[in-house]
Structures are given as structure tokens and as C-alpha cells.
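The residues making up each chain are set out below.
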Amino acid sequence: MPGWLPRAMVLALALVAVFQLGSWAFHQLTGLLLNILIAFFLALAVEPAVSWMAARGVRRGLGTFLVFLGILVASAGFVTLLGSMLAGQIVKIVEDFPEYLDSVINWVNAHFHTELRRVDIQEGLLRSDWLRNYVQNSATGVLDVSAQVLGGLFQLLTVGLFSFYFAADGPRLRRTVCSMLPPARQAEVLRAWEIAVIKTGGYLYSRGLMALVSGSAHYVLLEFLEVPYAPVLAVWVGLVSQFIPTIGTYLAGALPMLIAFTVAPWYALWVLIFVVIYQQFENYVLQPKLTSRTVDIHPAVAFGSVVAGTALLGAVGALIAIPAVATLQAFLGAYVRRYDVTDDPRVLGHRGPGGERGAFTRVRRLWARRPGVPRPRDGDTGVS
């Protein structure tokens, strides 16, 4: 046996063990890494406000605390108002449910010539196996729901803590990163950091504009249908549909449908139709235009980045995909050498293969060669 073979085998086994250990640790820390990634982009979003306060003599720690306190107060006030409204509407639905059921039964009896009664339907529902199984599953799922709520609160606290540290200690963090790099690389890192702040702010600005447009459109519909709490519902639709990826649209539309059902059952159907139509308009018209203007990326690139981010990181990837791609595109743009394009009409598609001027010109020339038709001279358009 060669003398180097045992050492090579030991080295190979050590590399495999290190790889397995690193893979296991990465999978175990995936949740924490995602929370840190969200916190980093959140810190980039509040960086302009914190820097503005710091430039006016406010300590960065205090300025960051004031910014997060304002966000927390606004969110808590909105959730409280929305919760009280939702509780009142649920009570109203429960109180008016017998009247809704009677109206539906009367409509069915009148159109299908049946003899249904509310008492029979209620007894059949109470004695059904479906209701019994649903109650049992709900009772056993209360503990799971509580655990998920506690886990969500812990993740929210983790993201808030890391984002506070990233925003408050931003200069120290940048100084620490730059201290490990040569001067030439330090300028590149600081430039990339500045681009990330600008692009993240532009992305949030575009989301805010879309939330404003969405809320305004749904407010007009809800006011036209005379649905109560139309302003609050419009704000709910605008914020949830834009800042909760993937399921935000459906979650935002469910609450207005529920409130509209308390006014008239058919109003809920109209709200659903409007939500679906507006979502298509937003996906294919509004969002690509606003995103391309605020973060300066092509609409197709924006759409593809969201799809790729969702495939890689789920909802988190969909939320941070556009600012991340915009930052990467702007940073790499400085290293891509560009040349002046020659003044060739083929660049604009004016000439076809072989130097021809297009299909219309060829057809016109063939028509001019017919017997009895004078051929146009060079430069003549053939039109008198």
C-alpha cells in the first residue's frame, strides 16, 4: 500500500464528515437564517428614516426605536380597529343567520317546487356526522393552533430584534465588514450597500403605491354596495394584498366578502368577481409598470424574480426577490462593458434578410412589375 493512501482516505472521510455536519447544521438553522434575511431587508427599508434623524442630531439607537415604535403603534391600532369591526360583524351574521336561511329556503322552494323547512335542515345538520367530526377535529387542533401562534410571535420578535440591531448599528456593521477587506473592495461593499438601500426603498414605494390604488378601487366598490366599514376594509385589502405574498390577495378579499354577505348574500359574489378581475389587472398591467419604474428592472425580470424567489424560499423569497434582483442588477451593471450600437436599420427591424426593406416593399415591387403598370423609379414611392 502506498504511504499516501491512508492519509488520503482519512482526509476524504474527514471532508465527508465535515460536509454532512455542515449540511445538518444548515438545515437546522434554515429558519433562523431566513429570519435574519428578512430582518436585514427590513433594516434596509428603515435606513433612510433612521439616517435622516441621525443627521439632525438624534442618536441612531433612539431614532431606530422611534421608527419601530411608530410602526408598532400604527399596526396595533389598525389590528385593534379591524378586530373590533370583525367581531361586531360576526355577531351580526350569527343574529341574522336565521333570516338569511329562511330567504334561501323560500327561494329554493319557489324555483324548484320543494317543501323544505328550516327546522328540518337544522335537525339534519345537528345530527350529521360531518358536524360531529368537525367539532372533534377542531377540539384536537386547538393546541396545534396555539403552538403555531406562539411560534409566529417568536419569529416576529426575532425579526424585530435583528432588524433593530442592523438599523441601529448600521455604521458599526459596515465598518466591521469593511475592516476585513482591502480598500478597493471596501468601496465596492459600501456601494453595494447603498444600492441595496435605494432599491429596497423603491420596492416599498412601489408596494405602497399599489396598496393605495388597490385600496381606492375596493373602497369605491364597497361604498357603491353600501358595505359598512368601507374605509377600514379598503385599507385592509390594500395592505394585505401587497405585503403578504402568495396568499395575500385571497386573504384580503375574504374579509370584504364576509362583511358584504351581512348586507346581502349576492354582494359577496360581486366582491369576489371584482377581486379576481382587479388581481388580473394588477398582475399584468399595474405591477410590472410600477416595479419597472421604481426599482428600474424590466417587467419580465420582475415577474421571473418573484417566481424564482417563491420556488427557492417560498413566501419570503417572493417578498424580497425584486429588491434583491434590482440590487444585484444595479451592482453588476458597473462591471458590464457596453459599446455603442452601429446605426444599422436592422437593429430597429426595418430591413429583412438580404437587405430588403420589408414584405410590404417586396409586394409593392411585384405589383409594379405587372404588364401595363409603370415601374417606379428609385426613390419614387409609387403614389401620386
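These numbers were taken from a predicted model, which means no experiment stands behind them.

K.L.:
Tell me about the overall build of the protein chain, and name the residues and values.
P.N.:
Summing up its helical and strand segments, the protein chain has 13 helices and 0 strands in all. Mapped from its N terminus to its C terminus, the protein chain presents α and β elements in the order α-α-α-α-α-α-α-α-α-α-α-α-α. Taking all contacts inside the protein chain whose residues are at least 6 apart in sequence as the whole, residues at least 24 apart take part in 61%. On the protein chain, roughly 26,300 Å² of surface is accessible, and the fraction owed to carbon and sulfur atoms is 69%.

K.L.:
A description of helix H6 (residues 170-179) should follow, citing residues and the corresponding values.
P.N.:
Note on helix geometry: an α-helix contains 3.6 residues per turn, so any two residues three or four positions apart are oriented the same way. All of the buried residues along H6 are Gly170, Arg174 and Cys178. Burial along H6 is one-sided: seen end-on, the buried residues are contained in an arc of 65°. Exposed positions of H6 whose direction lies more than 90 degrees from the buried face are Arg172, Arg175 and Ser179.

K.L.:
Explain the packing of helix H8 (residues 230-243) against helix H9 (residues 248-263) to me, and be specific about the residues and the numbers.
P.N.:
Axis separation between H8 and H9 bottoms out at 7 Å; the angle between their running directions is 165°. Of the possible angle classes, the one that applies to H8 and H9 is roughly antiparallel. Here the hand of the crossing between H8 and H9 comes out right-handed. Between H8 and H9, the contacting residues are Leu233, Trp236, Val237, Val240 and Ser241 on the first element and Gly248, Thr249, Leu251, Ala252, Leu255, Pro256 and Ile259 on the second. When grouped by side-chain class, the residues that make up the contact of H8 with H9 number 9 nonpolar, 3 polar and no charged.

K.L.:
Could you give an account of a nonpolar patch on the surface, naming the residues involved and the relevant values?
P.N.:
Taken together, the side chains of Trp266, Leu269, Trp270, Leu272, Ile273, Val276 and Ile277 make up a nonpolar region of the molecular surface, amounting to roughly 730 Å² of accessible area. Position of Trp270 among the secondary structure elements: in helix H10 (residues 265-294). Given a relative accessible area of 52%, Trp270 falls into the exposed group.

K.L.:
Describe the side chain of His218, and please don't skip the residues or the numbers.
P.N.:
Residue placement: His218 occurs in helix H7 (residues 183-224). Aside from chain neighbours lying at most four places away, what touches His218 is Val237, Phe274, Val275 and Tyr278.

K.L.:
So what about the packing of H7 against H8? Which residues, and what values?
P.N.:
Between two packed helices, the angle of one axis relative to the other and the distance separating the axes together describe the packing. With their axes 7 Å apart at the nearest point, H7 and H8 run at an angle of 145° to one another. Of the two elements, H7 crosses H8, and the hand of that crossing is right-handed. Within the contact between the two elements, H7 uses Leu204, Arg207, Gly208, Met210, Ala211, Ser214, Gly215, His218, Tyr219, Leu222 and Glu223 and H8 uses Ala230, Pro231, Leu233, Ala234, Val237, Gly238, Leu239, Ser241, Gln242 and Phe243. Classifying every residue of the contact of H7 with H8 gives 12 nonpolar, 7 polar and 2 charged.

K.L.:
Requested: an account of the pattern of salt bridges, with residues and values cited.
P.N.:
Counted according to the given criterion, the structure contains 3 salt bridges. The residue Arg174 makes a salt bridge to Glu47 at a minimum N-O spacing of 3.8 Å. Within this pair, whereas Arg174 is found in helix H6, its partner Glu47 is found in helix H2 (residues 30-54), the two being separated by 127 residues in sequence. Its relative accessible area of 18% is what places Arg174 among the buried residues. Judged by relative accessible area, Glu47 falls into the buried class, the value being 9%. Among the ionic pairs, Arg185 bridges to Glu188, the shortest N-O distance being 3.1 Å. Here Arg185 pairs with Glu188, and both are found in helix H7, just 3 residues apart, close to one helical turn. On the accessibility criterion, Glu188 (24% relative accessible area) is partly exposed. By sharing partners, the salt bridges in this structure join Glu47, Arg60 and Arg174 into a single network.

What counts and what doesn't
Residues numbered from 1 in each chain as written. Predicted model: local features only at pLDDT ≥ 70, side-chain atom pairs only at ≥ 80, totals over all residues. Heavy atoms only, no water. Helix = DSSP H or I, 4+ residues; strand = E, 2+ residues; numbered from the N terminus. Contact = heavy atoms within 4.5 Å. Areas by Shrake-Rupley, 256 points an atom, 1.4 Å probe, with all protein chains shown as cover. Buried < 20%, exposed > 50% of the residue type's maximum accessible area, 1.4 Å probe, protein only. Arc of directions from axis to C-beta. Axes fitted to C-alpha atoms, helices over the stretch in contact; angles between N-to-C directions. Parallel < 35°, antiparallel > 145°, perpendicular 65-115°, else oblique. Left-handed = near helix turned anticlockwise from the far one by under 90°. Nonpolar A, V, L, I, M, F, W, Y, C, P; charged D, E, K, R; others polar. Patch = residues over 30% accessible without salt bridge, like charges linked within 9 Å, V, L, I, M, F, W, Y side chains within 5 Å. Salt bridge = Lys/Arg side-chain N within 4 Å of Asp/Glu carboxyl O.

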